[in-house]
Amino acid sequence: MRLSVVLLAKPVLHGYFRSSCSWRVRIAFALKGIEYDQVPVNLIKDGGQQRTQEFKTINPMQQVPAVEIDGFILCQSLAVIQYLDETRPGPRLLPADPKKRAQVRMISDLIASGIQPLQNLYVIQKIGAEKVQWSQHFINRGFQALEPILKETAGKYCVGDEISMADICLAPQVYNAERFKVDMEQFPTIKRLNQTLLEIDAFKVSHPSSQPDTPDDLRA
């Protein structure tokens, strides 16, 4: 009985409206049709609420997202997404086909490990006045690698014609690129895929412009 109560409890997402990693998890919840509660963690206010001792007990890396689910805490967005895919019904977020699944993981890792961390708030705060040029450089570098890969793997979505974890990673990264004024005309495949994704309800409801902690001036 106790276990079933734990499994029935709503997951709790500790995140930040503009965190691309938090947005990935919100998209996954929406695609799977999972109800969840949000606890905002303001990464800027009071020097960053992620740096408090209270939050450090939730995620020792002092980053978002962190998800309380099934009686334990999961950090790192790709781990959360894959756990949801393995434990919840709904559309698959990783393909059944081994080749396509490997391609989804490759694209996801390229973004989540090779591009996004270089615009992490902690990093760009250290960079200071050069943060825009820094971010543009590394997004361009990453997208120059990603564009030809997606030309080979994409159908309607990043890998074939089914939404996957790769798409969940792509949309938030393009949002970051647009924030830092990257010229997306250089990357027609990425631009096309992103436009398609932003028409999907799961991407709309999870968008940074419509979260409980979104500042009024940034709301859609």
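The structure displayed is predicted, hence computed values, not measured ones.

Conventions used here
Residues numbered from 1 in each chain as written. Predicted model: local features only at pLDDT ≥ 70, side-chain atom pairs only at ≥ 80, totals over all residues. Heavy atoms only, no water. Axes fitted to C-alpha atoms, helices over the stretch in contact; angles between N-to-C directions. Helix = DSSP H or I, 4+ residues; strand = E, 2+ residues; numbered from the N terminus. Parallel < 35°, antiparallel > 145°, perpendicular 65-115°, else oblique. Contact = heavy atoms within 4.5 Å. Nonpolar A, V, L, I, M, F, W, Y, C, P; charged D, E, K, R; others polar. Salt bridge = Lys/Arg side-chain N within 4 Å of Asp/Glu carboxyl O. Buried < 20%, exposed > 50% of the residue type's maximum accessible area, 1.4 Å probe, protein only. Pairing = 2+ DSSP bridges. Lys, Arg positive; Asp, Glu negative; His and termini not counted. Core = buried A, V, L, I, M, F, W, Y, C linked by side-chain atoms within 4.5 Å.

J.: Any chance you could break down the packing of helix H7 (residues 131-153) against helix H9 (residues 188-197) for me, citing the residues and the numbers?
T.: Contact pair H7 / H9: the axes reach a minimum separation of 8 Å and the direction vectors enclose 75°. As judged from the angle between their axes, H7 and H9 are roughly perpendicular. The residues of H9 that touch H7, namely those facing Phe143, Leu146, Glu147, Leu150 and Lys151, are Pro188, Thr189, Ile190 and Leu193. Class assignment for the residues of the contact of H7 with H9 results in six nonpolar, one polar and two charged.

J.: Please set out the pattern of salt bridges residue by residue, giving values where relevant.
T.: As enumerated under the stated definition, the model contains six salt bridges in all. A salt bridge links lysine 191 to glutamate 185; the shortest N-O distance between them is 2.3 Å. Among the residues examined, lysine 191 registers a relative accessible area of 26% and is labelled partly exposed. Residues aspartate 216 and arginine 219 are paired through a salt bridge, measuring 4.0 Å at the closest nitrogen-oxygen approach. A relative accessible area of 69% places aspartate 216 in the exposed class. Taking relative accessible area as the criterion, arginine 219 reaches 36% and is therefore assigned partly exposed. Three or more residues joined by partner-sharing salt bridges are found here, namely Lys10, Glu35 and Asp37.

J.: A description of the pairing of strand S4 (residues 72-75) should follow, citing residues and the corresponding values.
T.: Two elements, strand S3 (residues 66-69) and S4, share four bridges in a ladder whose sense is antiparallel. Each residue of the ladder has a partner; that of valine 67, found in S4, is leucine 74. Where S3 folds back onto S4 in an antiparallel hairpin, the turn is made up of two residues, including aspartate 70, whose phi is positive at roughly 55°.

J.: Describe the side chain of arginine 24, and please don't skip the residues or the numbers.
T.: Mapping arginine 24 onto the fold places it in helix H2 (residues 20-32). No salt bridge forms around the buried arginine 24; measuring N to O, its nearest opposite-charge neighbour aspartate 109 is 8.3 Å away. Among residues more than four places away in sequence, those in contact with arginine 24 are Ser77, Ile81, Ile111, Ala112, Gln116, Ile168, Cys169 and Pro172.

J.: An account of the nonpolar core is needed here, citing residue identities and associated values.
T.: Counting residues in each nonpolar core, the largest one holds 53 residues, and the members touching the most others are Phe143, Leu146, Leu170 and Ile190. At the level of secondary structure, the elements contributing two or more residues to this core comprise H2, S3, helix H4 (77-87), helix H5 (98-114), H7, helix H8 (165-179), H9 and helix H10 (201-205). Looking at which element gives the most residues to this core, the answer is H8, with nine residues. Excluding residues within four positions of it along the chain, phenylalanine 143 makes contact with Ile115, Pro148, Gln173, Val174, Ala177, Met184, Phe187 and Ile190. The next biggest cluster of nonpolar side chains, apart from the first, holds nine residues, and it includes Tyr16, Ile58, Val64 and Cys75.

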